[in-house]
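# Residue-level structure breakdown
Residues per chain, in single letters:
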Amino acid sequence: MKRNLLSKIFIFLVISIAPWVVSVAADSAPTRSDPAWLTDARASIKSNNYEQALKQLQSANEVNSADWNNLMGYSLRKKQPPDLVLSEKYYQAALKIDPSHRSALEYYGELLLMKKDLPGAEAMLARLDKACLFGCEEYSDLKASIAKYQAKK
């Protein structure tokens, strides 16, 4: 009985404040835009031009940015031939700066699978589970990569 009443109160509150939240969100200007180096590197990565992304990132030299370190690691892992040792160092640096960086956790987990380190990848998945309170794409992607890896064994 109490649970049912609490559920109804919760639904009423959500319905009551939803229009206000949407109104506030629509009126808010973006608080920050991504720097040019980040936008440019992401565009290069999206077009699978990892060498160009590496040059753009190296030029920016934003070593204190978790995003920068993550994209360096990603580009090094994806280029041909991949540089897994250096890629791992950048993922570790990204996670040192931001231990809950979802992309770095996912991509580092994928790198660990490439190194045949299933327990390490599962540890990244567990960290992602904590970073993604209600689930997220990064968690789903790494979970699928782990399942695919296990199916090959």
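Just so you know, these numbers come straight off a predicted model, no measurement behind them.

Using the criterion set out here, one finds four aromatic pairs in the structure. Each ring, one from Y74 and one from Y107, has its centre 4.6 Å from the other, and the planes form 50 degrees; the classification is tilted. Of this pair, Y74 sits in helix α4 (residues 66-78) while Y107 sits in helix α6 (residues 102-114), and the two are 33 residues apart along the sequence. Summarising the burial analysis for this pair, Y74 and Y107 share the class buried. An aromatic cluster of at least three residues, connected via ring pairs, comprises Y50, Y74 and Y107.

Next up on the list: helix α5 (residues 84-97). Along its 14 residues, α5 runs 20 Å from first to last C-alpha, staying within 8% of the 20 Å computed at 1.5 Å per residue. Taken together, the buried positions of α5 are S87, E88, Y90, Y91, A94 and L95. Viewed end-on, α5 has its buried residues packed into an arc of 165 degrees, placing them on one side of the element. In α5, the exposed positions that point more than 90 degrees away from the buried face belong to V85, K89 and K96. For α5, the secondary structure elements touched by its buried residues are α4, α6 and α7 (118-131).

Take the pattern of salt bridges next. Tallying each qualifying case throughout the model produces four salt bridges. Residue R42 is joined to D34 by a salt bridge in which the shortest nitrogen-to-oxygen separation is 3.0 Å. In this structure D34 comes out as partly exposed when scored by relative accessible area, which is 34%.

On to the layout of surface pockets. Rolling a probe over the atoms, with the probe sized like a water molecule, indicates the empty space that remains. When its volume is computed, the largest pocket comes out at roughly 170 Å³. Lining the largest pocket are R42, I45, K46, D67, N70, L71, Y74, H101, S103 and Y107. Grouping the constituent residues of the lining of the largest pocket by class yields four nonpolar, three polar and three charged.

Between Q80 and P81 the backbone carries a cis peptide bond, its omega angle lying at -10 degrees. Positive phi, close to 60 degrees, is recorded for N48, a residue that is not glycine. Its place among the elements puts N48 in the loop between α2 (36-46) and α3 (50-60). Accessibility expressed as a relative area gives 53% for N48, which makes it exposed. A positive phi is found at K116, a non-glycine position, where the angle reads about 65 degrees. Tracing the backbone shows K116 in the loop between α6 and α7. Judged by its relative accessible area of 67%, K116 falls in the exposed class.

Applying the stated rule across the entire model yields one disulfide. Through a disulfide, C132 is tied to C136; the S-S separation comes to 1.9 Å. Sign of the S-S torsion, about 50 degrees for the bond between C132 and C136, identifies this disulfide as right-handed. Judged on exposure class, the residue C132 and its partner C136 are both buried.

What counts, and at which threshold
- The residue numbering used here restarts from 1 in each chain and proceeds along that chain's sequence as written.
- Totals for whole chains, interfaces and linings use all residues, but because this is a predicted model, local features are given only for residues with pLDDT of at least 70 and pairs of side-chain atoms are given and counted only at 80 or more.
- The basis for the side-chain values is all heavy atoms of the structure; hydrogens and waters are excluded.
- Side-chain rings of Phe, Tyr and Trp (the six-membered ring for Trp) are treated as a pair once their centres are within 6.5 Å; stacked means planes under 30 degrees apart, edge-to-face means over 60, and tilted covers the remaining angles.
- Put simply, DSSP marks the helices as runs of H or I at least four residues long and the strands as runs of E at least two long, and each gets a number from the N terminus on.
- Each residue's exposure class comes from its accessible area (1.4 Å probe, protein chains only) as a fraction of the maximum for that residue type: buried when under 20%, exposed when over 50%, partly exposed otherwise.
- In a helix, the anticipated span is given by 1.5 Å times the number of residues less one.
- This arc describes the spread of directions from the helix axis toward the C-beta atoms.
- It only takes one pair of heavy atoms within 4.5 Å for two residues to be counted as in contact.
- Note on definitions: salt bridges are taken to be side-chain nitrogens of Lys or Arg within 4 Å of carboxyl oxygens of Asp or Glu.
- For each structure, a 1 Å grid was placed over the protein atoms alone; sets of points admitting a 1.4 Å probe that cannot get out are labelled cavities, open sets with protein on both sides within 12 Å along at least five of seven lines are labelled pockets, and lining residues have an atom within 4 Å of a point.
- Grid points are joined across faces, edges and corners, and a volume is the space filled by probe spheres set on the points.
- When residue character is reported, Ala, Val, Leu, Ile, Met, Phe, Trp, Tyr, Cys and Pro are called nonpolar, Asp, Glu, Lys and Arg charged, and the others, Gly included, polar.
- Criterion for a disulfide: a pair of cysteine sulfur atoms within 2.5 Å.

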